[in-house]
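Topology and contacts: notes
So you can see what is in the structure, the chains are spelled out below.
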Amino acid sequence: SLPKHEANAVSPRNEESAVHGLSETIVGVLGGGQLGRMLCQAANQMAIKVMILDPQDNCPASSLCYQHMVGSFDDSATVEEFAKRCGVLTFEIEHVNVTTLEKLEKQGVVCQPKASTIRIIQDKYLQKVHFSKHGIPLPEFMQIDDLEGAKKTGELFGYPLMIKSRRLAYDGRGNAVAKSEEELASAVDALGGFVRDLYAEKWAPFVKELAVIVARGRDGTISCYPVVETIHRDNICHIVKAPAEVKWKIREYATEVAFNAVNSLEGAGVFAVELFLTNDGQILLNEVAPRPHNSGHHTIESCYTSQYEQHLRAVVGLPLGNPSMKTPAAIMYNILGEEEGEHGFQLAHQLMTRALTIPGASIHWYDKPEMRKQRKMGHITVVGPSLSNLEGNLATIIEGEKLDDK
Ligand code: ATP
Ligand code: MG
Ligand code: MG
């Protein structure tokens, strides 16, 4: 598409002149979905220029960014062309062409976080190998290449057994559970068969799922957000409660695991660390995302510095902000597509209209052109004096739906 403005990676003014505004670094974001959109919202407040690379002409970030280059973040030539226009490259999605990033880094392009981090994280199996080397507690895992191997792993880890696709997974779309040996073949088939590169994970008998957003600045400073509880439904993040209702010792331990995990990776930005809490007080790492994350949406309303502002500060090299909560409690509710098409839009509209009547509720609609079942279309955050108070408010909004379906 035609650039909205003439973009220059570096300021045209000479070096002695002062920076006009906060930062003149143009931030290039690979991906223009809802995370890119909310990055743009934070950037616009500070007049930081964000360029988006996304194949979809009308992607959620498109209308809010400084410039949108329509193209694939998987295509080498496109990413190279995009990088020329930016002062720093960052990501709203880890499923990008990492070989290109590594090549660009050698040419002096700044990627935050580093390409090495994206390489580790985009392959869940490599990610697990990396974290286990760094002493991070994880569910046991094993590569599986054929049905024989899967059966052996099942004998070793027991059932249910979680089978995962190594790459391109999101919203549980690369996961399949085998409840017994008989179900192994169908679970593998559901993921596209062994050609897809699969591995198995021991079932984590969690009582809660927790998440910690961890920020690292260009100078190496690390700062952790409060631990939250994430509630998934059909493998998709459904509700986030902040702060997590767990003993302070658990919070401290979860924060320590998250800190150590991020400390083992290279580069600046925010990272989301997904964790399992087991009934005997163990914390196991599920996965890390090298970018802002669904579990951090609540920070827009509930923290002094949102995860999006924090990410921008981190990648351009500004001081990090305060991650603490400025409200006692917050709950985030994902608006997922309930039905395809017009009726789906109607249901979402009704939900959001009900939310408008609730004090402390904020609505985020991502403006996705198409409504699909289970698709993340928007979210609602409610803030207030206590989680129990907010649970009541949320119940009013979602009417009749059960909040905590564990
Ligand atoms: P995301 O949208 O967070 O990127 P994803 O597709 O990468 O999701 P995972 O995070 O691997 O998927 O898993 C999704 C959910 O499935 C987890 O949040 C958890 O509820 C469940 N899950 C994953 N691994 C295990 C496990 N080993 N044992 C039990 N439950 C698991
Ligand atoms: Mg994931
Ligand atoms: Mg996950």
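Quick summary incoming for the structure in this document.

The rules behind these values
- Residues numbered from 1 in each chain as written.
- Chains lettered and ligands numbered in written order.
- Predicted model: local features only at pLDDT ≥ 70, side-chain atom pairs only at ≥ 80, totals over all residues.
- Heavy atoms only, no water.
- Donors = N, O, S within 2.8 Å, 3.2 Å for Na, K, Ca; no water.
- Helix = DSSP H or I, 4+ residues; strand = E, 2+ residues; numbered from the N terminus.
- Buried < 20%, exposed > 50% of the residue type's maximum accessible area, 1.4 Å probe, protein only.
- Phe/Tyr/Trp six-rings, centres within 6.5 Å; stacked < 30°, edge-to-face > 60°.
- Lys NZ or Arg CZ within 6 Å of the ring centre and 35° of its normal.
- Axes fitted to C-alpha atoms, helices over the stretch in contact; angles between N-to-C directions.
- Parallel < 35°, antiparallel > 145°, perpendicular 65-115°, else oblique.
- Contact = heavy atoms within 4.5 Å.
- Patch = residues over 30% accessible without salt bridge, like charges linked within 9 Å, V, L, I, M, F, W, Y side chains within 5 Å.
- Areas by Shrake-Rupley, 256 points an atom, 1.4 Å probe, with all protein chains shown as cover.
- Salt bridge = Lys/Arg side-chain N within 4 Å of Asp/Glu carboxyl O.
- Lys, Arg positive; Asp, Glu negative; His and termini not counted.
- Charge placed at Lys NZ, Arg CZ, Asp CG, Glu CD.
- Near = heavy atom within 4 Å.
- Polar contact = N/O pair within 3.5 Å; in protein donor to acceptor, adjacent residues only side chain to side chain.
- Nonpolar A, V, L, I, M, F, W, Y, C, P; charged D, E, K, R; others polar.
- Pairing = 2+ DSSP bridges.

Glancing now at the coordination of the magnesium ion (ligand 3). Taken together, the protein donors to the magnesium ion (ligand 3) comprise Glu274 (OE), Glu274 (OE) and Glu287 (OE), at separations of 2.0 to 2.7 Å. Separating the magnesium ion (ligand 3) from the magnesium ion (ligand 2) is a gap of 3.7 Å, bridged by Glu287, which donates to each. Note that Glu274 is positioned in strand E13 (residues 269-278) and Glu287 in strand E14 (residues 283-289), a separation of 13 residues in sequence. In terms of burial, Glu274 and Glu287 fall into one category: buried.

Right, let's talk about the packing of aromatic side chains for a bit. All chains considered together, the criterion is met by four aromatic pairs. Each member of the aromatic cluster is reached from another via a ring pair, and the members are Tyr125, Phe141 and Tyr199. Stacked on the ring of Tyr66, the Lys or Arg Lys49 has its end atom at 5.5 Å from the ring centre.

Before going further, it helps to spend a moment on the packing of helix H1 (residues 34-46) against helix H10 (residues 307-316). Across the interface, H1 lies against H10 with an axial gap of 8 Å and an inter-helix angle of 70°. With respect to each other, H1 and H10 are oriented roughly perpendicular. Together, Leu35, Met38, Leu39, Ala42, Ala43 and Met46 of H1 and Tyr308, Glu309, His311 and Leu312 of H10 make up the contact between the two elements.

Moving on to a negative patch on the surface. On the surface, Asp145, Asp146, Glu148, Glu155, Glu181 and Glu182 cluster together into a patch of negative charge. Along the chain, the position of Asp146 falls in the loop between strand E5 (141-144) and helix H6 (147-157).

Taken together, 21 residues lie near ligand 1, and Lys124, Lys164, Gly172, Glu209 and Asn235 sit nearest. A distance of 2.7 Å separates an oxygen atom of ligand 1 from a polar side-chain atom of Asn235. Glu287 is positioned such that a nitrogen or oxygen atom in its side chain is 2.8 Å from an oxygen atom of ligand 1. Of all the secondary-structure elements, those providing two or more residues to the shell around ligand 1 are strand E6 (161-165), strand E8 (198-202), strand E9 (206-216), E13 and E14. Taken together, the residues of the shell around ligand 1 break down into seven nonpolar, five polar and nine charged.

Next up on the list: the sheet that holds strand E3 (residues 67-70). The sheet built from four strands is open, its strands ordered E3-E2-E1-E4 with parallel pairing. Across the chains shown, the open sheet's two edge strands, defined by having one partner strand only, are E3 and strand E4 (88-91). Here the average twist between neighbouring strands, direction ignored, is 25°. Pairing of strand E1 (residues 27-30) with E4 involves four bridges; the strand directions are parallel. Residue pairing for E4: Gly28 is matched across the bridge by Leu89. The strands touched by H10 are E1, strand E2 (50-54) and E4; relative to E4, the strand with the most contacts, the crossing angle is about 145°.

Assignment of secondary structure puts His311 in helix H10. Residue classification places His311 among the buried residues on the basis of a relative accessible area of 0%. Once residues lying within four places of it in the same chain are set aside, the contact partners of His311 are Leu39, Thr90, Phe91, Gly269, Val270 and Pro292.

Strand order in this open sheet of four strands is E5-E8-E6-E7, and the pairing throughout is antiparallel. What marks the edges here is a single partner per strand, and that holds for E5 and strand E7 (175-178). On average, each strand axis in the sheet is tilted by 30° relative to the strand beside it, whichever way the strands run. For E6 and E8, the ladder comprises five bridges, and the chain directions are antiparallel. The residue of E8 that forms the bridge with Met162 is Glu201. Contacts from helix H5 (residues 124-133) reach E5, E6, E7 and E8 within the one sheet, and its direction differs from that of E5 by about 145°. This element, H6, spans E5, E6 and E8 of the sheet and lies at about 165° to E5.

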